[in-house]
Amino acid sequence: MPNPPWWVINYLKGGSRKTTTSIFLAFALAASGEDVLVVDADHGTQGVTDWASRVYATPDPEGDFLSLPFDVVQWSPQSGLLVPFVQRAAKDTGAQRVLIDVGGEAPEVLRQVLVKARLLIAPIGPEEGELSRVPATASLAKAARVPLHALLTRVPAPGKGIARDARRYLAEDEHLPVLQTEIPQDRETYAHVWGKIPPNLGAYAPLADELRMWEAAG
Ligand SMILES: Nc1ncnc2c1ncn2[C@@H]1O[C@H](COP(=O)(O)OP(=O)(O)O)[C@@H](O)[C@H]1O
Ligand SMILES: [Mg+2]
């Protein structure tokens, strides 16, 4: 794959479910046969690296160690410029798609990586405090001409109540495309599996399909 598409997962705010979204999407894309590379470009929190290291440190019932169905590499500023780093890693791993988890407090890293990105996926919770951070992220996407898709995460009830209000606000006031798939608030499915291979991909399975459809159409 000479130029695999890069999907960046970022919202310029901590705790908006970027890492969970990166990992679950990687599992969902790998489950449908894609060779996926996940780049942990959040050198502050290193959530992807933490998740992956925990999986690799877990023995299975036979005493062998588990592995992941996708590749993971970790970037930090000491690794040099991010774009050539990702290009090299994609080539080395033969990835068909690259997912990049960028930290919530790193606009300069986001700016670098958007130069080559196909798509920016922004996980956003439906509360006021999260919604108010849209302009910071949206302005960088716009400057780089990368389509930004809002992903409503940890919504109490998909399509209803505050999820519906948040969707309306993002679409009508902020003029952002909002993905149809919403990720429910559900610690059992999405939080308690941190560092594990999730037995159930929940709403991330239809999300992967929706994103692939969007990509094929765009
Ligand atoms: N859909 C969800 N429902 C409930 N908790 C979630 C959900 N998705 C993620 N979490 C939890 O929320 C916290 C923050 O998520 P994380 O993916 O680490 O965010 P970020 O990478 O943006 O800082 C983690 O403890 C995670 O397990
Ligand atoms: Mg994170």
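To start, this report covers the structure provided alongside it. In this text, all values refer to a predicted model and were calculated from it rather than measured experimentally. (Residues numbered from 1 in each chain as written. Chains lettered and ligands numbered in written order. Predicted model: local features only at pLDDT ≥ 70, side-chain atom pairs only at ≥ 80, totals over all residues. Heavy atoms only, no water.)

## Concerning the overall build of the chain
The criterion, for reference: Secondary structure is summarised from DSSP: a helix means a run of H or I of at least four residues, a strand means a run of E of at least two, and numbering begins at the N terminus for each. Here the radius of gyration uses the C-alpha set of atoms, whereas the globule reference equals 2.2 Å times the residue count to the power 0.38. Relative accessibility thresholds used throughout: buried, under 20% of the residue-type maximum; exposed, over 50%; partly exposed, between the two (1.4 Å probe, protein chains only).
Per the secondary structure count, the chain includes nine helices and six strands. Against the compact-globule benchmark of 17 Å for 218 residues, the chain has a radius of gyration of 17 Å, which places it among compact chains. Summarising its shape, the C-alpha atoms of the chain cover approximately 50 × 35 × 35 Å along the three principal directions. Across the 218 residues in the chain, those meeting the buried criterion constitute 50%.

## Topic: the nonpolar core
Let me state the cut-off plainly: To qualify as a nonpolar core, a set must consist of buried Ala, Val, Leu, Ile, Met, Phe, Trp, Tyr and Cys residues joined through side-chain atoms within 4.5 Å. By the convention used here, residues are in contact when the closest approach between their heavy atoms is within 4.5 Å.
In terms of nonpolar packing, the biggest core is built from 41 residues, with Val39, Val98, Ile100, Leu110 and Leu170 touching the most fellow members. Broken down by element, this core gets its largest block of residues, six residues, from helix H3 (residues 82-93). Once residues lying within four places of it in the same chain are set aside, the contact partners of Leu170 are Ile124, Leu131, Val134, Ala150, Leu152, His175, Leu176 and Val178. Counting residues in each nonpolar core, the second largest holds 32 residues, with Ala26, Ala52, Leu68 and Leu151 among its members.

## Some remarks on the sheet that holds strand E1 (residues 6-9)
Basically, it comes down to this: Paired strands, as defined in this entry, are two strands with at least two bridges between them according to DSSP. Angular values range over 0 to 180 degrees, each being the angle between N-to-C directions of two axes fitted as lines to C-alpha atoms, with helices fitted over their stretch in contact.
Taken in spatial order, the six strands line up as E3-E2-E4-E1-E5-E6 in an open sheet, and their pairing is parallel. This sheet does not close on itself; its edge strands, each paired only once, are strand E3 (71-74) and strand E6 (148-152). Mean inter-strand twist for the sheet, computed between neighbouring axes without regard to direction, equals 20°. Of the strand pairs in this sheet, E1 and strand E5 (residues 119-124) are connected by three bridges, and their pairing is parallel. Bridged to Trp7 within E5 is Leu119. Here helix H7 (residues 161-173) sits on the sheet and contacts E5 and E6; the angle it forms with E6, its principal contact strand, is near 165°.

## Some remarks on the pairing of E1
Taking every second residue as pointing to the same face, both faces of E1 are buried, with Trp6 and Val8 on one and Trp7 and Ile9 on the other. As defined by bridge partners, E1 adjoins strand E4 (residues 97-102) across four bridges and the pair is classed as parallel. Bridge assignment links Val8 to a residue of E4, and that residue is Ile100.

## Details of the site of ligand 1
Which entries qualify depends on this criterion: Neighbouring residues are identified by heavy atoms, a residue being near a molecule or strand if any of them is within 4 Å of it. Pairs of N or O atoms within 3.5 Å make up the polar contacts considered here, provided that, within protein, one atom can donate a hydrogen while the other can accept it, and that residues adjacent in sequence are counted only when both atoms are side-chain atoms. Accessible surface area values rest on a Shrake-Rupley calculation with a 1.4 Å probe, where residue burial reflects the displayed protein chains alone. The distinction between a cavity and a pocket rests on a 1 Å grid over the protein atoms alone: a 1.4 Å probe fits inside a cavity but cannot get out, while a pocket stays open yet meets protein on both sides within 12 Å along at least five of seven lines, and a residue with an atom within 4 Å of a point counts as lining. For a molecule to be placed in a cavity or pocket, more than half of its atoms must lie within 2 Å of the grid points of that cavity or pocket. The nonpolar class holds Ala, Val, Leu, Ile, Met, Phe, Trp, Tyr, Cys and Pro. Asp, Glu, Lys and Arg form the charged class, and all remaining residues, Gly among them, are polar.
Within the structure, ligand 1 sits among 14 residues, and Arg17, Lys18, Thr19, Thr20 and Pro184 are positioned closest to it. The side chain of Lys18 places a nitrogen or oxygen atom 2.7 Å from an oxygen atom of ligand 1. In isolation ligand 1 exposes 560 Å². Once the protein is present, 84% of that is buried. Spatially, ligand 1 is embedded in the largest pocket. At the level of secondary structure, the elements contributing two or more residues to the shell around ligand 1 comprise helix H1 (18-31) and helix H8 (187-191). Taken together, the residues of the shell around ligand 1 sort by class into five nonpolar, five polar and four charged.

## With respect to H7
Put simply, the test is: Each residue after the first adds 1.5 Å to the expected span of a helix. Comment: arc refers to directions from the helix axis out to C-beta atoms.
For H7, spanning 13 residues, the distance from its first C-alpha to its last is 18 Å, which sits close to the expected 18 Å at 1.5 Å a residue. All of the buried residues along H7 are Ala163, Ala166, Arg167 and Leu170. Take H7 and look down its axis: the buried residues cluster within an arc of 100°, on one side only. Of the residues in H7, the exposed ones pointing more than 90 degrees away from the buried face are Glu172 and Asp173. Buried-residue contacts for H7 involve E5, helix H5 (128-131), helix H6 (134-144) and E6. Positioned one or two residues after H7, His175 has a phi angle of 55°, which is positive.

## Here's the deal with helix H9 (residues 204-217)
In an α-helix, one full turn covers 3.6 residues, which means residues spaced three or four apart are oriented alike. Over its 14 residues, H9 extends 20 Å from the first C-alpha to the last, a length consistent with the 20 Å expected when each residue adds 1.5 Å. Within H9, burial applies to Tyr204, Leu207, Ala208, Glu210, Leu211 and Glu215. Projection of H9 onto a plane perpendicular to its axis shows the buried side chains occupying an angular sector of 165°, all on one side. Seen from the buried face of H9, the exposed residues on the opposite side, beyond 90 degrees, are Met213, Ala216 and Ala217. Each element contacted by the buried residues of H9 is listed here: E1, H1, E4, E5, E6 and H8.

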